[in-house]
Amino acid sequence: MPAELLLPSPSVPGSRAAYWSRLLPPLAALACVTRIPSFTRPLWNPDEGYLAVQARLLAQGGELYETVVDRKPPLVPWLYEATFAVTGSGTLAGVRVLALLAHLLTAALLASLARHRWGDRSGRTAGVLYLLISVGLNPEDAQAATFEAFVLPCTAAAMWCADRRRWGAAGTAVACAFLTKQTGGAVLLPVLWLYVASGARRGGLGRLVAGAVLPVLGAALATDPVGFVFWTVTGSGAYATLTGSELHVLARGSVNTAIVSVACAGLIAPVARARRAPTADLWLWLLASAGGVLLGLHFFGHYYLPLLPPAALLATAALRVLPYDRTVTAVFTSACACVLFLTWGVLAPRTDLDHARRVAQAVSSRTAPGDAVLVWGIHPETYWLADRAPATRYLTAGLLTNYSGGRDGGRVGERYAVRGAWTVFRREAVSAALVVDDSRGKPYGPERVRGLRRLLSAGYEAVGTVDGAVLYVRRG
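All values derive from a computational prediction rather than experimental measurement. (Residues numbered from 1 in each chain as written. Predicted model: local features only at pLDDT ≥ 70, side-chain atom pairs only at ≥ 80, totals over all residues. Heavy atoms only, no water.)

Enquirer: I would appreciate a short explanation of the sheet that holds strand E2 (residues 389–390) in the present structure.
Expert: Sheet strands line up and pair through hydrogen bonds in the backbone, either parallel or antiparallel. What the five strands build is an open sheet, ordered E2-E1-E3-E5-E4; its pairing is mixed. Edge positions in the sheet fall to E2 and strand E4 (460–466), since each of these pairs with one other strand and no more. With six bridges joining them, E4 and strand E5 (residues 469–474) adopt antiparallel strand pairing. Residue pairing for E5: Ala462 is matched across the bridge by Tyr472. On top of the sheet, helix H17 (residues 351–366) reaches strand E1 (372–376), strand E3 (434–437), E4 and E5; it is set at about 135° to E4, its chief contact. (Pairing = 2+ DSSP bridges. Helix = DSSP H or I, 4+ residues; strand = E, 2+ residues; numbered from the N terminus. Contact = heavy atoms within 4.5 Å. Axes fitted to C-alpha atoms, helices over the stretch in contact; angles between N-to-C directions.)

As structure tokens, then:
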């Protein structure tokens, strides 16, 4: 990309204020419309449940990466904790509002970046296109207030700052993206490309590196440095292995790629027809984000969300050099796809949520508020719905068997657990007043996990079932 495209275009302060006063209200309205399904149920997926339980434990004095663990950086658990301090921990409405604002901020940053490069009309196009395609996934992936939703404004801010040669701020935005989810750090690649293309002096690189490194070091020191490195970088080897689940993972990847393609149907043709647009940095952003989708070889739907901001900008750049009627067609097609996905979001079945609610009700009725509970399954939201503390820091059976990666059973079992997890689990799990085996025939059931069988046979007896989940109470 020519360096001159990085320079600010002339603008009049008054016209800039007028432009944003006209654009932001409709963008805000569109953001609210596209998030309507988000507020129609108490929670959308287990990631939200996991974060909600983590936030409660942190508020009660838990320590991240010590007594509260997950394979994720700390920003989103802290965000949930702070929101619960204001709204209470019994609702996710507060974090859903923050997720809505994150999408709106992403749209505004993309609009600003496009306007800076290509003019007013392109700014409007980029903001609108992004919001329309931002719901283009399975609703449990697109409407949930989870990691990827909060990564998006960080990556967009990194590109916005780099586009204006604000290298220190760009580095800080990259750090925030990484601290939200590890794959968010991939935006560093297009930021570095912009740095090189701009011909900036070496001092800019120092500011960029400092901005990217210092917040990460601060987060490590604010938690537990050894635990931070283990849980965010080095402790996920088995989780990222494809062996044994090739067809299972390939099918999920194919389905989710097809779903995103439907959402972006209005963007694909313009991008394919306008290859000469100066968008090398945007292609690099898209490819780096695609690398994040591939990393770990799981292909969950929400992994695809970071692809959407660069896709919206690439389409905007392409439409700029095409007849205006192509822009109308692209927006209209994207709007139709958006309506389709919103309808899906409103009508989506609640099978997993209804199951978790029934199990949570049984847990509540059989335990006292101060009792610790062990739910052996992949639905950590059961703890949150039942308002009971987990007996162990491992909120799902996945961390103890590797099933949380969505594998089909090829590499599931105690030998694939997080290193050292079973030693800690055996020490903690005996405090459970109630154990819920929610495996329901999955490959991490007690018949295949010796450590769980020993726990149950040593001190618990079955007292009933709820929706396929077996309840065990401590003997005596």
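On we go.
Enquirer: Hey, could you run me through unusual backbone geometry in this one?
Expert: Glycine aside, residues mostly have negative phi angles, and peptide bonds mostly take the trans form. For Tyr65, which is not a glycine, the phi torsion comes out positive at approximately 70°. Mapping Tyr65 onto the fold places it in the loop between helix H2 (46–59) and helix H3 (75–87). Taking the relative accessible area as the measure of exposure, Tyr65 reaches 4% and is therefore buried. Positive phi values are uncommon outside glycine, yet Arg165 reaches one of about 60°. Note on placement: Arg165 falls in the loop between helix H7 (147–163) and helix H8 (167–180). (Buried < 20%, exposed > 50% of the residue type's maximum accessible area, 1.4 Å probe, protein only.)

Enquirer: What exactly am I supposed to notice about the nonpolar core here?
Expert: The tendency in soluble globular proteins is for nonpolar side chains to be buried side by side. Tyr80, Leu374, Trp376, Tyr394 and Phe425 are the most contacted members of the largest nonpolar core, which totals 75 residues. With seven residues, the single largest contributor to this core is H2. Excluding anything up to four places from it in sequence, Tyr394 contacts Val69, Trp231, Leu399, Leu400, Gly420, Ala421, Val424 and Phe425. Formed by 71 residues, the second largest nonpolar core is a distinct cluster that contains Leu23, Trp118, Ala142 and Val191. (Core = buried A, V, L, I, M, F, W, Y, C linked by side-chain atoms within 4.5 Å.)

Enquirer: Explain the pattern of salt bridges here, please?
Expert: Side chains bearing opposite charge may pair, as long as their charged atoms lie close to each other. Counted under the stated rule, the structure contains 11 salt bridges. One salt bridge connects Arg56 with Asp387, and the closest N-O pair in it is separated by 3.4 Å. One end of the pair, Arg56, is in helix H2; the other, Asp387, is in the loop between helix H18 (381–386) and E2, and 331 residues separate them in sequence. The closest approach of N and O atoms between Arg358 and Asp467, which form a salt bridge, is 3.0 Å. (Salt bridge = Lys/Arg side-chain N within 4 Å of Asp/Glu carboxyl O.)

Enquirer: How should the confidence of the model for the protein chain be read in this particular structure?
Expert: Detail in the predicted coordinates should be disregarded across regions flagged by low pLDDT. In this model, the protein chain carries a mean pLDDT of 91, and residues with pLDDT of at least 70 account for 93%. By mean pLDDT, helix H12 (residues 246–263) is the weakest element of the protein chain at 88, and H8 is the strongest at 98. Segment residues 1–13 is flagged for pLDDT under 50; beyond a separation of four residues in sequence, or across chains, it makes 27 contacts in the model. (pLDDT = per-residue confidence, 0-100.)

Enquirer: How should I be thinking about the environment of Leu297 in this particular structure?
Expert: Turning to its location among the elements, Leu297 is positioned in the loop between helix H14 (280–294) and helix H15 (308–320). Residue classification places Leu297 among the partly exposed positions, given a relative accessible area of 28%. Sequence-wise, Leu297 and Val359 are 62 residues apart; in three dimensions their C-alpha atoms are separated by 31 Å.

Enquirer: So what exactly am I meant to see when it comes to the pairing of E1 here?
Expert: Each regular strand displays side chains that alternate between the two surfaces of the sheet. Extensive coverage of E1 is indicated by the burial of five of its five residues. Here E1 shows two buried faces, one formed by Ala372, Leu374 and Trp376 and the other by Val373 and Val375. Bridging between E1 and E2 involves two bridges; their strand directions are parallel. Paired with Val373 across the strands is Pro390, a residue of E2. Where the polypeptide runs from E1 across H18 and back to E2, its parallel neighbour, the crossover connection is right-handed. Where E1 meets E3, four bridges bridge the pair, whose relative direction is parallel. Each residue of the ladder has a partner; that of Trp376, found in E3, is Asp437. (Right-handed = clockwise from strand over helix to strand, strands pointing away.)

Enquirer: Before we go on, may I ask you to explain the environment of Ala55 in this structure?
Expert: Looking at the secondary structure, you find Ala55 in helix H2. Residues Ala55 and Ser89 lie 34 residues apart in sequence; the distance between their C-alpha atoms is 8.1 Å. Not counting chain neighbours up to four residues away, the residues in contact with Ala55 comprise Pro77, Tyr80, Glu81 and Phe84.

Enquirer: Just to check I follow, could you spell out a nonpolar patch on the surface for this structure?
Expert: Taken together, the side chains of Leu192, Leu205, Val209, Val213, Leu214 and Leu217 present a nonpolar region at the surface, about 480 Å² in accessible area. Per element, the largest residue contribution to the nonpolar patch is five residues, and it comes from helix H10 (residues 202–222). Relative to the helices and strands, Leu217 is located in helix H10. In this structure Leu217 comes out as partly exposed when scored by relative accessible area, which is 48%. (Patch = residues over 30% accessible without salt bridge, like charges linked within 9 Å, V, L, I, M, F, W, Y side chains within 5 Å. Areas by Shrake-Rupley, 256 points an atom, 1.4 Å probe, with all protein chains shown as cover.)

Enquirer: I keep staring at H17 and nothing clicks. Help me out?
Expert: The periodicity of an α-helix, 3.6 residues per turn, causes residues three or four places apart in sequence to face the same way. For H17, spanning 16 residues, the distance from its first C-alpha to its last is 23 Å, which sits close to the expected 22 Å at 1.5 Å a residue. Along H17, the residues classified as buried are Leu353, His355, Ala356, Val359, Ala360, Ala362 and Val363. Close packing links the buried residues of H17 with E1, H18, E3, E4 and E5. (Expected span 1.5 Å × (residues − 1).)

Enquirer: Before we go on, may I ask you to explain a positive patch on the surface in this structure?
Expert: Residues Arg426, Arg450, Arg453 and Arg454 make up a contiguous surface patch of positive charge. Looking at the positive patch, the element that brings in the most residues is helix H21 (residues 450–459), giving three residues. With respect to the helices and strands, Arg454 occurs in helix H21. Owing to a relative accessible area of 54%, Arg454 belongs among the exposed residues under this scheme. (Lys, Arg positive; Asp, Glu negative; His and termini not counted. Charge placed at Lys NZ, Arg CZ, Asp CG, Glu CD.)

Enquirer: Is there a simple way to explain the layout of surface pockets in this structure?
Expert: Any space left empty among the atoms is revealed by the rolling of a water-sized probe across them. The volume enclosed by the second largest pocket comes to roughly 430 Å³. Contributing to the lining of the second largest pocket are 18 residues, with Val260, Cys264, Leu286, Leu307 and Ala311 lying nearest its centre. Ranked by the residues each element gives to the lining of the second largest pocket, the list is headed by H14, at five residues. Looking at side-chain class alone, the lining of the second largest pocket contains 16 nonpolar, two polar and no charged residues. (1 Å grid on protein atoms, 1.4 Å probe; cavity = no way out; pocket = protein on both sides within 12 Å on 5 of 7 lines; lining within 4 Å. Points joined across faces, edges and corners; volume = space filled by probe spheres on them. Nonpolar A, V, L, I, M, F, W, Y, C, P; charged D, E, K, R; others polar.)

Enquirer: Got a minute to help me understand the side chain of Thr125 in this structure?
Expert: Along the chain, Thr125 turns up in helix H5 (residues 120–133). Here Arg121 takes part through its backbone oxygen, which lies 3.0 Å from a polar atom of the side chain of Thr125. In contact with Thr125, other than residues within four places in its own chain, are Thr316, Leu319 and Thr327. (Polar contact = N/O pair within 3.5 Å; in protein donor to acceptor, adjacent residues only side chain to side chain.)

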